[in-house]
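# An overview of the molecular structure
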Amino acid sequence: MSDTIHKVLYLHGGMQKTGSTSIQVTLAHTPTTPKYQFLYRQNGNSGFYLRKLFDPEFGGTGGLKSVAQRDQQAKAFAERVEAWLARPKPIYVMSSEMIASAFGVEGLTRIRDWLAPHVDEIRPIFYIREPYGYIESLFQEQLKKRSPEFVSLRRMCPAYRSWFSAVEEVFGREQVIYRPFASDALVQGDAVQDFVSTLGLELPPEAITRKNEGLSRRGLSVVANVNRLSRTRTHGRDVEVSRWVTKLAMMLPGPKLRLSQELLSQACAHASEDIAWMEERLGRPLGHLGRKPASDAITQLNQVLEVDDETRRWAVSVLGVRADSPDIARDMAEAVMQQAQDEDSPVMRNTRRHFDLKEEARDPAAREARRAARVTPDAAAGPDRKSTRLN
């Protein structure tokens, strides 16, 4: 550790559904500088490696089939981080949404004791989303994995106190940074720009791209009906098939799904003290009670299975479903599953034509050239290029 440089490690921990992937990917693709170093491996998310190293009960695979491979990858990650931390830089960043939710006091203490000898200060930083928006976003994410009848909104209400109290105990409350995930509080209304600014770095706006924009209500109805057909509780289908179905569903345009105020308030009826605990730390209301109700919000979860007229026309025109089908939702789901097994399926192309969508450029060299043009070598390492701007 340098005698002249005060080294600070920012431990970014989400929370989930606050643009974490965008921050991770942007940081992973932004050139390092003499002032800054991002500690990561592969996609920028260090969660798997941290759990493999510091959670004895963790059984995740990280996509690696061999136990020896997992151990080797975790060891390589640790060695890489320690080598980077030996460099004389004032700002380091490590990112994992699992920091608050997956580690208790013991696991967090192990992480702190590993990192502390290499830096002068560790500052956990979290973006805090209000409970209603968080539930809506997480509900959509859950529908990609399971049938609607296996989804519980109550279990999705953020457990702020249990997630973050262990972090405060281990690192010190005064060291923890809480940032409201709200458009009026974020720099330029964007989580990535806000993260970079909070760290005292700079990132040109053109270096930020968006990912995980979410599905429209129409797209969610496709995914939900496919999951209902297979009675999926979790990843019951082949992972590649699930990804294909989600990719297809993301092409269906339209407004986002909204849940009624009644559903949301019932889901968080038990959490008033928890919400007050977080609002005290933020120094402001979370803002969920002031949300404007949506006129088209669903009042029952099974309404996500309903197929509107435009989706019906798509199912008939592109999937070949009979227009007079007595159960067009089921027939649509069966047709999607059949197409998912066909490597040469024309459905994606025909869906673009049906909705008059522009096809993205497929040239990898062109994409890389655009990326290089957006990110300049002297741009301070900003969050990964996946940002979440609030509307």
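Up top is the structure these notes are about.
In this report, we go over the structure that sits alongside the text.

Quick look at the overall build of the chain now. When you go through the chain residue by residue, the secondary structure sums to 16 helices and 5 strands. Considering the chain as a whole, with its 391 residues, one finds that 52% of them fall into the buried category. Approximately 18,900 Å² of the chain is accessible, and the part contributed by carbon and sulfur atoms is 46%.

The next thing to look at is the environment of L220. Mapping L220 onto the fold places it in helix α9 (residues 217–230). Taking the C-alpha atoms as reference, L220 lies 8.4 Å from M250; in sequence the two are 30 residues apart. When near neighbours in sequence (up to four residues on either side) are disregarded, L220 contacts Q140, L143, L215, L257 and V304.

Quick look at the environment of L263 now. Tracing the sequence through the fold places L263 in helix α11 (residues 261–267). Judged by relative accessible area, L263 falls into the buried class, the value being 14%. In this structure the C-alpha to C-alpha distance between L263 and A297, which are 34 residues apart in sequence, comes to 9.8 Å.

What follows concerns unusual backbone geometry. With an omega of 10°, the peptide bond between G14 and M15 qualifies as cis. Its place among the elements puts M15 in the loop between β1 (8–12) and α1 (20–29). Even without glycine at this site, Q188 takes up a positive phi of about 55°. Positionally, Q188 belongs in the loop between β5 (177–180) and α8 (191–198).

A few words on the packing of aromatic side chains. The description of an aromatic ring pair uses the distance of the two centres, along with the angle that the planes make with each other. A full pass over the atoms with the stated rule returns 13 aromatic pairs. A centroid spacing of 6.5 Å and a plane angle of 50° characterise the contact between Y127 and F195, whose relative ring orientation is tilted. Of the two residues, Y127 sits in strand β4 (residues 121–128) while F195 sits in helix α8, which places them 68 residues apart along the sequence. The exposure class assigned to Y127 is buried, which follows from its relative accessible area of 0%. With a relative accessible area of 1%, F195 lands in the buried category. Through a chain of ring-to-ring contacts, the aromatic side chains of F48, Y49, F54, F58, F77 and W114 assemble into a single cluster. For the cation-ring pair, R80 lies above Y40, with the distance from its terminal atom to the ring centre recorded as 5.4 Å. One residue, R281, lies across the ring of W277, its end atom 3.7 Å from the ring centre.

Here we have 5 strands laid out as an open sheet, ordered β2-β3-β1-β4-β5, and parallel in their pairing. Both outer strands of the open sheet, β2 (36–38) and β5, are each paired with one neighbouring strand and no more. The sheet shows a mean angle of 20° between the axes of neighbouring strands, direction not considered. Here 4 bridges tie β4 to β5, and the two strands are oriented parallel to one another. Following the sheet pairing, I125 is matched in β5 by I177.

What follows is about the nonpolar core. M94, L115, I128, F139, F164, L259 and W314 are the most contacted members of the largest nonpolar core, which totals 116 residues. When residues in this core are grouped by element, the largest group, 8 residues, is from helix α14 (residues 328–340). Residues in contact with L259, not counting those within four places in the same chain, are I135, E136, F139, L153, L264, A297, I298 and L301.

So, about α14. Between its first and last C-alpha, α14 extends 18 Å over 13 residues, near the 18 Å set by a 1.5 Å rise per residue. Every buried residue of α14 is accounted for by I328, A329, M332, A333, A335, V336, M337 and A340. Those residues of α14 that are buried are in contact with α9, α10 (239–249) and α13 (309–317).

If you add up the space inside the second largest pocket, you get close to 260 Å³. Lining the second largest pocket are 13 residues, with Q142, R146, S152, R155 and M156 sitting closest to its centre. Tallying contributions element by element places helix α6 (residues 131–143) first for the lining of the second largest pocket, with 3 residues. Looking at the lining of the second largest pocket, its residues break down into 8 nonpolar, 2 polar and 3 charged.

Analysis parameters
- Residues numbered from 1 in each chain as written.
- Predicted model: local features only at pLDDT ≥ 70, side-chain atom pairs only at ≥ 80, totals over all residues.
- Heavy atoms only, no water.
- Helix = DSSP H or I, 4+ residues; strand = E, 2+ residues; numbered from the N terminus.
- Buried < 20%, exposed > 50% of the residue type's maximum accessible area, 1.4 Å probe, protein only.
- Areas by Shrake-Rupley, 256 points an atom, 1.4 Å probe, with all protein chains shown as cover.
- Contact = heavy atoms within 4.5 Å.
- Phe/Tyr/Trp six-rings, centres within 6.5 Å; stacked < 30°, edge-to-face > 60°.
- Lys NZ or Arg CZ within 6 Å of the ring centre and 35° of its normal.
- Pairing = 2+ DSSP bridges.
- Axes fitted to C-alpha atoms, helices over the stretch in contact; angles between N-to-C directions.
- Core = buried A, V, L, I, M, F, W, Y, C linked by side-chain atoms within 4.5 Å.
- Expected span 1.5 Å × (residues − 1).
- 1 Å grid on protein atoms, 1.4 Å probe; cavity = no way out; pocket = protein on both sides within 12 Å on 5 of 7 lines; lining within 4 Å.
- Points joined across faces, edges and corners; volume = space filled by probe spheres on them.
- Nonpolar A, V, L, I, M, F, W, Y, C, P; charged D, E, K, R; others polar.

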